[in-house]
Amino acid sequence: MNNRIASLVALGVAIFASGASARQDAAIEVSHTRPSARESDTGVSAVELNMYNDHLTILASPYMEGRVPGSAGMERAMDYVEYYFRQYGLEPAFPTTTTGADGSEVITPRSSFRQPFPLGGSEKATVQKLSFDIAGHTITLKPGTDFSVTGLGASGEVTGPLVFVGYSVKDGPDGYQSFENDDLAGKIALMFRFEPVNEEGNSRWAEGRGWSPKANFASKMQAIKDCNPAGVIIINTPGTSDPRADQLTDVESSGGRVLDVPVLMMTADAGERLVAAADPQKRSLLDLRKLADQGRIIADLTGTGSMTGKIEREETLAENVGAVIPGRGALADEFIVIGAHLDHLGMGYFGSRSGPGELHPGADDNASGSAGILLLSEKLKRDYDALPPEADARSLLFIAFSGEESGLHGSRYYANNPIVPIDDHAMMINFDMIGRIKDNRLSVSGYSSGEGMKEWLQPFFADTPLTVVQSDQVNGASDHSSFLAKQIPVLFGIIADFHADYHTPQDVSEKINREGAVMTMDLFEKITLAAAQRPERFSFTSPQREPRQQTSRSQIKVRFGIMPGYAEDVEGVLIEDVTAGGSAAEGGVQAGDRLIRWDGQKIADIQAWMEMLKKHNPGDKVKVGVLRDGEEVTLDVTLQGT
């Protein structure tokens, strides 16, 4: 991180460290003086370039924690956006509701920059206890340091004898089996993480430094399920090369529930202390691992264990941040919405293409678009202030949406709960990933949703230094889709050339093309200003969708192993049943799940998913997102051949 970025992040910390009240007294001050002449050959103002850079860099900084809804970082990001809406002179967009003296409900319109809405929730461990009584001595472990409660099992309180069961593998290579009709009723089963390893600490069953499907949590839970243990403790395996062997997995990061008993995870150090006290043969944890590396081992330990895990669901309340530039004259009651989603993936516990546990800054997706609408709001506020008194112009509503990454929740909520009747919305303009423009290529689509809009746009496209890649089809599953569903004409701006950093920790601010993003805002400043003053609004026409060739099963080389269900108006793929031993079952997919994400990409429907399957070969590993009990769960799945 260079000194300028580091100083900006430090300034951001200073602003928000003392809470929401601080943003009324201090802010990251950016020079808002607009130059009288353009300062580069591309027509980009140096002042506006600096403004955009400051917004982008701060929104994508580690202090914003990847902007996942419900996090402190997302609160800071929303505070930041609201602060600059205020600084630029915009007005609050949303109503507030209070209780009057007589107990009646009092609604005050346009009095808040926030529009709260429910966004499901997440499960947290609220009670975590683990202790062992061995030969009259008690070993009490510390939650978060020695052990954690995982989401692989249920809440519960269990006391019982201890049994070590190796790796908990069913039908492994070369006849490897951990169980032979074993009955573990009433017992607490201790198992190793991963799968049998060689002397270097790597898998015996997978090439390189990876693992086979037998190593994933869901597969291990399925293997022991028929043995009916009273509780399960997963011990981090000693001597393995995987860095996760030093980490505890919690409710949020472990995946979905498989067993109806508590499932905890223990560090290798805590496991060593337990085995040293409880193994009647005085073997070490590494000794037990080497035995399990060779095959089946069921070893009763002395003493008893007591484990308690209480998992409770915490509802998440997300917020859209919105502000208005009021219109003028005869057109003031009509609105143009200008939006970008502010949220991202946080630590990657859902939607990541590379896996959880590492910060996903989301610089391009979508700090770039959020910074863009901040800059555009400042530009258009000045433009509106300069309009002659007799001018007619539509009102402009800027919204930084939340909940886009988990399913367009914020934009859908607004479209169902607008500040004026939805029919009074003349247009919606959406920006999603405008920060990695390559060779000046910007994709613009959606104009086919407005009659005559394509022809009307051509002079604007011809007058920009950008190369506008036009598409008559509506591209992308982003927030404009919520407005299309309400028959509102849309425009969608996005990079024309995608990059491999999408939904990974490598989507960082250092890689953003600031100049390309500012050129995009210059283009849309002119488009918005003209659309706002156009006497007639564009009539909605049903847009063309991206054409998709029908994929036949003969074109697919891999087998996922589910029976899909079919339902209209539901995104993703409903899973009616899961084939035992198939890719999905081995990865932890369950009947009743809804398949919504594939390697970070949203799944629109079953045909779109089949197109994704067609690109894979047997042995490919994918991150699969399923919706389970209202929560997105990310699973690692290795695809089997057909």
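Residues numbered from 1 in each chain as written. Predicted model: local features only at pLDDT ≥ 70, side-chain atom pairs only at ≥ 80, totals over all residues. Heavy atoms only, no water.

**Overview of the overall build of the chain**
Argument step 1. The secondary structure content of the chain amounts to 14 helices and 27 strands.
Argument step 2. The principal-axis extent of the C-alpha atoms belonging to the chain is close to 90 × 60 × 55 Å.
Argument step 3. A total of 642 residues make up the chain; the buried ones form 57% of that total.
Argument step 4. A separation of at least 24 residues holds for 78% of the contacts in the chain among residues at least 6 apart in sequence. (Helix = DSSP H or I, 4+ residues; strand = E, 2+ residues; numbered from the N terminus. Buried < 20%, exposed > 50% of the residue type's maximum accessible area, 1.4 Å probe, protein only. Contact = heavy atoms within 4.5 Å.)

**Quick notes on the nonpolar core**
As a rule of thumb, nonpolar side chains are buried together in soluble globular proteins.
Argument step 1. Ranked by size, the top nonpolar core spans 74 residues in total, and within it Tyr 52, Phe 85, Phe 398, Phe 431, Leu 491, Phe 524 and Ile 527 carry the most contacts.
Argument step 2. If we skip the residues at most four places from it in the chain, Phe 524 touches Leu 376, Ile 429, Phe 431, Leu 442, Val 444 and Leu 491.
Argument step 3. The next biggest cluster of nonpolar side chains, apart from the first, holds 40 residues, and it includes Tyr 167, Val 169, Trp 211 and Val 251. (Core = buried A, V, L, I, M, F, W, Y, C linked by side-chain atoms within 4.5 Å.)

**Some words on the domain arrangement of the chain**
Argument step 1. Taken domain by domain, the chain comprises domain 1 (56–96 + 318–533), domain 2 (122–312) and domain 3 (558–641).
Argument step 2. Measuring from the centre of the C-alpha atoms in domain 2 to the corresponding centre in domain 3 gives 27 Å.
Argument step 3. Taken together, the contact pairs twelve residues of domain 2 with ten residues of domain 3.
Argument step 4. Roughly 820 Å² of surface becomes buried between domain 2 and domain 3 when both sides are summed, with 47% attributable to carbon and sulfur atoms.
Argument step 5. One salt bridge connects Lys 214 with Glu 586, and the closest N-O pair in it is separated by 3.5 Å.
Argument step 6. Looking at the side of domain 2 that touches domain 3, the elements that each hand over two or more residues are strand 4 (114–134) and helix 5 (217–225).
Argument step 7. Residues of the side of domain 2 that touches domain 3, tallied by class, amount to four nonpolar, five polar and three charged. (Domains from an automatic or database assignment. Buried area = accessible area lost by both parts, 1.4 Å probe. Salt bridge = Lys/Arg side-chain N within 4 Å of Asp/Glu carboxyl O. Nonpolar A, V, L, I, M, F, W, Y, C, P; charged D, E, K, R; others polar.)

**A look at unusual backbone geometry**
Argument step 1. Residue Asn 366 is bonded to the preceding Asp 365 through a cis peptide linkage, with omega at 0°.
Argument step 2. Inspection of the secondary structure puts Asn 366 in helix 8 (residues 363–385).
Argument step 3. Although it is not a glycine, Lys 282 sits at a positive phi angle of roughly 60°.
Argument step 4. In this structure, Lys 282 sits in the loop between helix 6 (268–278) and helix 7 (285–294).

**Some remarks on helix 10 (residues 453–462)**
Argument step 1. Taken residue by residue, helix 10 has Met 453, Trp 456, Leu 457, Phe 460 and Phe 461 as its buried positions. Along helix 10, the residues classed as buried sweep out an arc of 140° about the axis, all on the same side. Seen from the buried face of helix 10, the exposed residues on the opposite side, beyond 90 degrees, are Glu 455, Pro 459 and Ala 462.
Argument step 2. Turning to helix 10, the residues buried within the fold contact strand 14 (425–431), strand 15 (441–445), strand 16 (467–471), strand 18 (490–495) and helix 12 (514–533). (Arc of directions from axis to C-beta.)

**Concerning the packing of aromatic side chains**
Argument step 1. Tallied over the entire structure, the rule returns 17 aromatic pairs.
Argument step 2. The interplanar angle of 75° and the centroid separation of 5.0 Å between the aromatic rings of Phe 164 and Phe 192 together place this pair among those described as edge-to-face. Highlighted residues: Phe 164 in strand 7 (residues 156–164) and Phe 192 in strand 8 (residues 188–192), separated in sequence by 28 residues. A single burial state applies to Phe 164 and to Phe 192, both of which are buried.
Argument step 3. For the pair Phe 560 and Trp 609, a centre-to-centre distance of 5.5 Å together with 75° between the ring planes defines the contact as edge-to-face. Of this pair, Phe 560 sits in the loop between strand 20 (558–559) and strand 21 (562–565) while Trp 609 is found in helix 14 (residues 606–614), placing the two residues 49 residues apart along the sequence. With respect to burial, Phe 560 and Trp 609 carry one shared label: buried.
Argument step 4. By way of ring pairs, the aromatic residues Tyr 80, Tyr 83, Tyr 84 and Tyr 88 are connected into one cluster.
Argument step 5. Above the plane of the ring of Tyr 63 lies Arg 76, whose end atom (NZ or CZ) is 4.0 Å from the centre. (Phe/Tyr/Trp six-rings, centres within 6.5 Å; stacked < 30°, edge-to-face > 60°. Lys NZ or Arg CZ within 6 Å of the ring centre and 35° of its normal.)

**Details of the pairing of strand 7**
Argument step 1. As judged from the nine bridges shared by strand 7 and strand 11 (residues 299–325), these two strands associate in the antiparallel manner. Across the sheet, residue Leu 162 finds its bridge partner in strand 11, namely Leu 301.
Argument step 2. Bridge count for strand 7 against strand 8 is three bridges, and the pairing is parallel. The residue bridging Val 163 from the neighbouring strand is Ala 189, located in strand 8. (Pairing = 2+ DSSP bridges.)

**Quick look at the pattern of salt bridges**
Argument step 1. Applying the stated criterion across every chain, the model contains 34 salt bridges.
Argument step 2. Where Arg 628 meets Asp 593, a salt bridge forms, and the shortest distance between an N and an O atom there is 2.7 Å. Of this pair, Arg 628 sits in strand 25 (residues 621–628) while Asp 593 sits in the loop between helix 13 (583–587) and strand 23 (594–598); the two residues are 35 residues apart in sequence, bridging distant segments of the chain. Grouping residues by exposure puts Arg 628 and Asp 593 together as buried.
Argument step 3. Of the charged contacts in the structure, one is a salt bridge between Lys 614 and Glu 611, with a shortest N-O distance of 3.5 Å. With Lys 614 and Glu 611 both in helix 14, this residue pair falls three residues apart, about one helical turn.

**Focus: the side chain of Arg 394**
Argument step 1. Relative to the assigned elements, Arg 394 resides in the loop between helix 8 and strand 13 (395–401).
Argument step 2. There is a polar contact of 2.8 Å between the side chain of Arg 394 and the backbone oxygen of Ala 531. (Polar contact = N/O pair within 3.5 Å; in protein donor to acceptor, adjacent residues only side chain to side chain.)

**Topic: helix 6**
What sets the pattern is the α-helix's 3.6 residues per turn: residues three or four places apart point alike.
Argument step 1. Of the residues making up helix 6, those classed as buried are Ala 268, Ala 270, Gly 271, Leu 274, Val 275 and Ala 278. Each buried residue of helix 6 sits inside an arc of 155° when the element is viewed along its axis, so together they form one side.

**Regarding the packing of helix 10 against helix 12**
Argument step 1. Their axes nearest at 10 Å, the elements helix 10 and helix 12 cross at an angle of 145°. The two elements helix 10 and helix 12 cross, and the hand of that crossing is right-handed. Of helix 12, the residues touching helix 10 (which contributes Trp 456, Leu 457, Phe 460 and Phe 461) are Leu 523, Lys 526, Ile 527, Ala 530 and Ala 531.
Argument step 2. Within the contact of helix 10 with helix 12, the residues separate by chemical class into eight nonpolar, no polar and one charged. (Axes fitted to C-alpha atoms, helices over the stretch in contact; angles between N-to-C directions. Left-handed = near helix turned anticlockwise from the far one by under 90°.)

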